[in-house]
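Structure assessment
Chain by chain, the residues:
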Amino acid sequence: RAADPGFPEPTIHTQQAHDPDSDFTSRWTRADARQLKAMSDPTAGPGQNSMPTDYTMPAVSHDFPDMSNGKVWAWDTWPLTDAQANQYSVNGWEVAFSLVADRSLGFDARHVYAKIGFFYRKAGIPADQRPANGGWTYGGLVFPDGVTGKIFPDQSYSHQTQWSGSARVYPGGKIKLFFTDVAFYRNPDGSDRKPYDPEIALSVGHIHADKKGVSFTGFNKVDPLLKADGKWYQNGDQNEFFNFRDPFTFEDPAHPGKTYMVFEGNSAVQRGGRDCTDDDLGYRPGDPRAENLKTVMDNGAMYQMANIGLAVADNQSLTRWHFLPPILSANCVTDQTERPQIYMKDGKYYLFTISHRSTFASGIDGPEGVYGFVGNGIRSDFQPVNRGSGLALGNPTNLNYPAGTPFAPDPNQTANEFQAYSHYVMPNGLVESFIDAIGGPNDLRRGGTLAPTVRLQIDGDTTKVDRSYGHDGLGGYADLPANRELMP
Ligand code: FRU
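**A closer look at the overall build of the protein**
- Of the regular secondary structure elements, the protein holds three helices and 27 strands.
- Expressed as lengths along the three principal axes of its C-alpha atoms, the size of the protein is roughly 65 × 50 × 45 Å.
- Here the protein holds 488 residues, and the buried ones make up 61% of them.
- Nonlocal contacts in the protein, meaning residues at least 24 apart in sequence, comprise 67% of its contacts between residues at least 6 apart.
- Surface exposure of the protein reaches about 18,200 Å², of which carbon and sulfur atoms provide 49%.
- One way to put it: in the protein the 44 positive side-chain charges average out to a point 3 Å from where the 57 negative ones average out.

Below, the structure written as structure tokens:
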């Protein structure tokens, strides 16, 4: 039930599983997402966190170390995984793939220069016996120059970048790197000459791990896999600001022999169309706190139309895929459900995804963080975790005060509102993320390196920060421990 009488009841979600091929799309509704504000303490003063401690990442120190020793900005990061999201070391080395950019760029300029880089370190050392920055060696870029630009039909791009994905490892050391290959077509003033072209893509390489460290070969060819179709997944003709990226592949024990992929998308509507419905609002009949659909859209909430997509592979080598309908929509709730992943525990399927405070729709507010949904299958009537809100792990945030931005924080915010983003939930509930910014207007420090790993206790439809993990809940910086070993 809603914690506060001023807020609506969350939508009833059954968690019931549907056939992955069917067109059932679960909704993260406004009634659900308004539970975020319902949990916020209206009396929290300047600089204080207003959100429940159980769903808040402990505050990260302003003098955090840098995992790359000054070599690169690093942000979205993922490990080497198998079809069940187990995390591997290879010949005794742990590997992390990160989006990286040159430190001479401003951190906010990074997106159009992103390239996939990698780090490695010895496996099997407890976090508290490693150097404070995690003890990684930066290994360089994964792709030789020019390789990822070749797939674009229009070669007149101004910027060509590699965005997030995931990496599957196979017994002989073969790596399938799924990522988002992106071309921008910009004018010198930064405006779009034509919409950008993000494509979900695959490149196959090999890992070499010996006494000296880790290197890769291959990765000199890219197969484009999926392009937003405009039917289930919004494309550039419908909205030049559409989101389509961040593939994560897995197998579902309930459907053996198939490989699935989840990814970030938007509902396939024309930008600004009045396409939200009463089901997207999700109020229970007679709820006195229900909103009126017309008012919600008069306030512009229909500009925020995120979804999470599903695709299935058509061949064993995972080079051919087709779309299935989205598994989750957040119409009139938020515009970005990024880096989605499926996490399985105790027979339940958790869908985790990251979202920003700034991408919520008019009338919805919640912290920067990772959000979770639980159901009985990969396509379910997903129940948002934690009091029906969806919030799994947010940054310390005060919803009574404006957000500001990572480069210009609001003076009344906590110093940690932007401390972490792009969370990825690893085996055993461990969560890694990167530091965006820490500090207030007078001592702001940008991150570009990984935050301390934290641990979530995941149990049914609740998750909680484990404050007994590490130091008061904060583990090692940049800690991505393997739970499996591969000796090719
Ligand atoms: C999340 C994200 C991803 C994208 C990348 C681009 O931090 O927006 O969705 O792949 O950053 O930098």
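**Topic: the environment of D21**
- Turning to its location among the elements, D21 is positioned in the segment before β1 (26–27).
- D21 sits in the partly exposed class, given a relative accessible area of 44%.
- Separated by 358 residues in the primary sequence, D21 and R379 place their C-alpha atoms 8.7 Å from one another.

**Quick word on the pairing of strand β6 (residues 115–122)**
- Burial runs high along β6: six of the eight residues are buried.
- Summarising the sheet, strand β5 (residues 93–102) and β6 pair through eight bridges and their orientation is antiparallel. Note on β6: the bridge partner recorded for F97 is F118.
- Two elements, β6 and strand β7 (residues 137–141), share four bridges in a ladder whose sense is antiparallel. Bridge pairing in β7 links F119 to Y138.

**Comments concerning the side chain of D82**
- Of note, D82 is situated in the loop between β3 (80–81) and β4 (88–90).
- There is a polar contact of 2.9 Å between the side chain of D82 and the backbone nitrogen of Q84.
- Within the local environment of D82, its side chain forms a polar contact with the backbone nitrogen of N86, the two atoms lying 2.9 Å apart.

**Observations regarding the confidence of the model for the protein**
- This prediction gives the protein a mean pLDDT of 97; 99% of its residues lie at or above 70.
- Here the prediction assigns the complex a pTM of 0.98, and the interface score ipTM is 0.90.

**Points about the site of the ligand**
- Around the ligand, the neighbouring residues are W75, D76, L99, H111, W163, S164, R245, D246, E264, E338, Y421 and S422.
- Within the side chain of D76, one N or O atom sits 2.8 Å away from an oxygen atom of the ligand.
- S164 is positioned with one of its backbone polar atoms (N or O) 3.1 Å from an oxygen atom of the ligand.
- Protein burial of the ligand: of its 320 Å² of free accessible surface, 95% is covered by the chains.
- Mapped onto the shell around the ligand, the elements with two or more residues apiece are β2 (72–78), β8 (159–169), β13 (245–251) and β22 (421–425).
- Among the residues making up the shell around the ligand, the classes are represented as four nonpolar, three polar and five charged.

What counts as what
Note on numbering: residues in each chain are counted from 1, in written sequence order. A pLDDT threshold of at least 70 governs which residues receive local features in this predicted model, and a stricter bar of 80 or more applies before side-chain atom pairs are shown or counted, although totals over entire chains, interfaces and linings include all residues. Remark: hydrogens and water are excluded; side-chain values derive from all non-hydrogen atoms of the structure. Starting at the N terminus, helices and strands are each numbered in turn, a helix being any DSSP run of H or I of at least four residues and a strand any DSSP run of E of at least two. Here's how the labels work: a residue is buried when its accessible area is under 20% of the maximum for its type, exposed when over 50%, partly exposed in between, all with a 1.4 Å probe on protein chains only. By definition, residues are in contact when any of their heavy atoms lie within 4.5 Å. The accessible surface values rely on the Shrake-Rupley method and a 1.4 Å probe; as for residues, cover is taken only from the protein chains in view. The positive count covers Lys and Arg only, the negative count covers Asp and Glu only, and His and the chain ends enter neither. By convention, the charge on Lys lies at NZ, on Arg at CZ, on Asp at CG and on Glu at CD. We call two strands paired when DSSP finds no fewer than two bridges between them. Pairs of N or O atoms are called polar contacts if they sit within 3.5 Å, as long as, within protein, a hydrogen donor faces a hydrogen acceptor (for residues adjacent in sequence, only side-chain-to-side-chain pairs). The predictor's confidence in any single residue is recorded as pLDDT, a number from 0 to 100. When at least one non-hydrogen atom of a residue lies within 4 Å of a molecule or strand, that residue is treated as near it. Nonpolar residues are Ala, Val, Leu, Ile, Met, Phe, Trp, Tyr, Cys and Pro. Charged residues are Asp, Glu, Lys and Arg, and all others, Gly as well, are polar.

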